[in-house]
Amino acid sequence: MAIKIKTAEEIQKMRVAGQLAANVLDKITPHVVAGISTGELNQIMHDFMVNEQGTIPATLNYHGFPASSCISVNQVVCHGIPDNAKKLKNGDIVNIDVTVIKDGYHGDTSMMFEIGAVKPFASRLCQVARECLWLGIEQVKPEATLYDVAFAIQQHAEANNYSVVREYCGHGIGADFHEEPQVLHYAAEELKEIVLKPGMVFTIEPMINQGKAPVKLLGDNWTVVTKDRKLSAQWEHTLTVTDDGYEIFTLRHGEVPVLP
Ligand code: MF3
Ligand code: CO
Ligand code: CO
């Protein structure tokens, strides 16, 4: 019941797994355009993971989840199920979340895509959610707490009149997909007790809503939508605490911090 500290050997495997997860997003990026279905996107990523990378798609059959990625469009907060009948259209905002397993270790990352001409209010939500991720990441160093991470995220979301989803959070990650601790993205007091130490590995993955925070689970028992059906955006990285800060395992090609 404690947060695992990874060994140098485990960290190296997670570096590899994280890089492979990021490569899946780089691979899918040119395909994320109006007219393609989320089912087709999932199939391309599945084939790339299994046939080209030799990775295992961690979400497939995870607690019964039926696909190799989660694809969450517009008011879908997370865990959208890829669907051959769900075509992307001009103006959509889309989260693609992939988790690979390589050599027994997980890499988990997600990002937003804007399809064609997206309305400025929707584009701004994606941008602020991305800044929330980076503001959270920037808090990570030994002796900081997860409260510092959460506070930075919540403060920036709410300063922009957005809200932070409460029901879903980031997580420790390693040989298991979801390990301790729960990385909440709002400033809960109990987070002050979670002190960061070198070798901890976790995700930060804030879900930021355009409207109010409450969410609703659809009848498929996976798809999470905003209760008010306004938009939601999310970005995710897997990172470790180092001796003097952090190292992100899931950086994409050429990716640099996006801060306000
Ligand atoms: N990748 C998601 C996360 O960031 C988890 C998806 S679990 C699934 O934690 F079952 F919905 F695939
Ligand atoms: Co994820
Ligand atoms: Co995650």
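These notes cover the structure that comes with them. (Residues numbered from 1 in each chain as written. Chains lettered and ligands numbered in written order. Predicted model: local features only at pLDDT ≥ 70, side-chain atom pairs only at ≥ 80, totals over all residues. Heavy atoms only, no water.)

**Digging into the overall build of the protein chain**
A tally of helices and strands in the protein chain yields four helices and 15 strands. In summary, the protein chain has a C-alpha radius of gyration of 17 Å against a globular reference of 18 Å for 260 residues, a match within 12%. Based on the C-alpha atoms only, the size of the protein chain along its principal axes is roughly 45 × 45 × 35 Å. A buried classification covers 56% of the 260 residues belonging to the protein chain. Split by element, the accessible area of the protein chain, about 11,100 Å² in all, is 52% carbon and sulfur. (Helix = DSSP H or I, 4+ residues; strand = E, 2+ residues; numbered from the N terminus. Rg over C-alpha atoms; globule rule 2.2 N^0.38 Å. Buried < 20%, exposed > 50% of the residue type's maximum accessible area, 1.4 Å probe, protein only. Areas by Shrake-Rupley, 256 points an atom, 1.4 Å probe, with all protein chains shown as cover.)

**Overview of the pairing of strand S14 (residues 237-241)**
Burial runs high along S14: five of the five residues are buried. By the alternation rule, side chains of S14 split into His237, Leu239 and Val241 and Thr238 and Thr240, which are all buried. Across four bridges, strand S9 (residues 201-204) lies against S14 in antiparallel orientation. If you follow Ile204 over to S14, its bridge partner there is His237. As paired strands, S14 and strand S15 (residues 246-248) are joined by three bridges and run antiparallel to one another. Considered in S15, the bridge of Thr240 is made with Glu247. (Pairing = 2+ DSSP bridges.)

**A look at the coordination of the cobalt ion (ligand 2)**
Within the protein, the cobalt ion (ligand 2) binds to Asp97 (OD), Asp97 (OD), Asp108 (OD) and Glu236 (OE); these donor distances fall in the range 2.1 to 2.4 Å. Here the cobalt ion (ligand 3) and the cobalt ion (ligand 2) are spaced 3.3 Å from one another, each receiving a donor from Asp108. Here Asp108, found in strand S5 (residues 105-114), pairs with Glu236, found in the loop between strand S13 (232-234) and S14; they are 128 residues apart in sequence, far enough to count as distant. For Asp108, a relative accessible area of 2% gives the class buried. What makes Glu236 buried here is its relative accessible area of 0%. (Donors = N, O, S within 2.8 Å, 3.2 Å for Na, K, Ca; no water.)

**Considering the site of ligand 1**
The environment of ligand 1 is made up of 14 residues, and the closest members are Asp108, His171, His178, Glu205 and Glu236. Within the contact set of ligand 1, a nitrogen atom lies 3.1 Å away from a side-chain nitrogen or oxygen of Asp97. Within the side chain of His171, an N or O atom sits 3.0 Å from an oxygen atom of ligand 1. (Near = heavy atom within 4 Å. Polar contact = N/O pair within 3.5 Å; in protein donor to acceptor, adjacent residues only side chain to side chain.)

**As for the side chain of Glu179**
On the secondary structure map, Glu179 appears in strand S8 (residues 179-183). With near-sequence residues (within four places) excluded, Glu179 lies in contact with Lys4, Lys6, His171, Gly172, Ile173 and Gly174. (Contact = heavy atoms within 4.5 Å.)

**Description of the packing of helix H1 (residues 8-28) against helix H2 (residues 38-53)**
Put simply, H1 and H2 touch, their axes get as near as 10 Å, and they point 135 degrees apart. One element, H1, and the other, H2, form an angle in the oblique class. Seen along the crossing, H1 lies across H2 with a hand that is right-handed. Along the contact surface, H1 presents Leu20, Asn23, Val24, Lys27 and Ile28, while H2 presents Leu41, Ile44, Met45, Phe48, Met49, Glu52 and Gln53. For the contact of H1 with H2, a count of residues per class yields eight nonpolar, two polar and two charged. (Axes fitted to C-alpha atoms, helices over the stretch in contact; angles between N-to-C directions. Parallel < 35°, antiparallel > 145°, perpendicular 65-115°, else oblique. Left-handed = near helix turned anticlockwise from the far one by under 90°. Nonpolar A, V, L, I, M, F, W, Y, C, P; charged D, E, K, R; others polar.)

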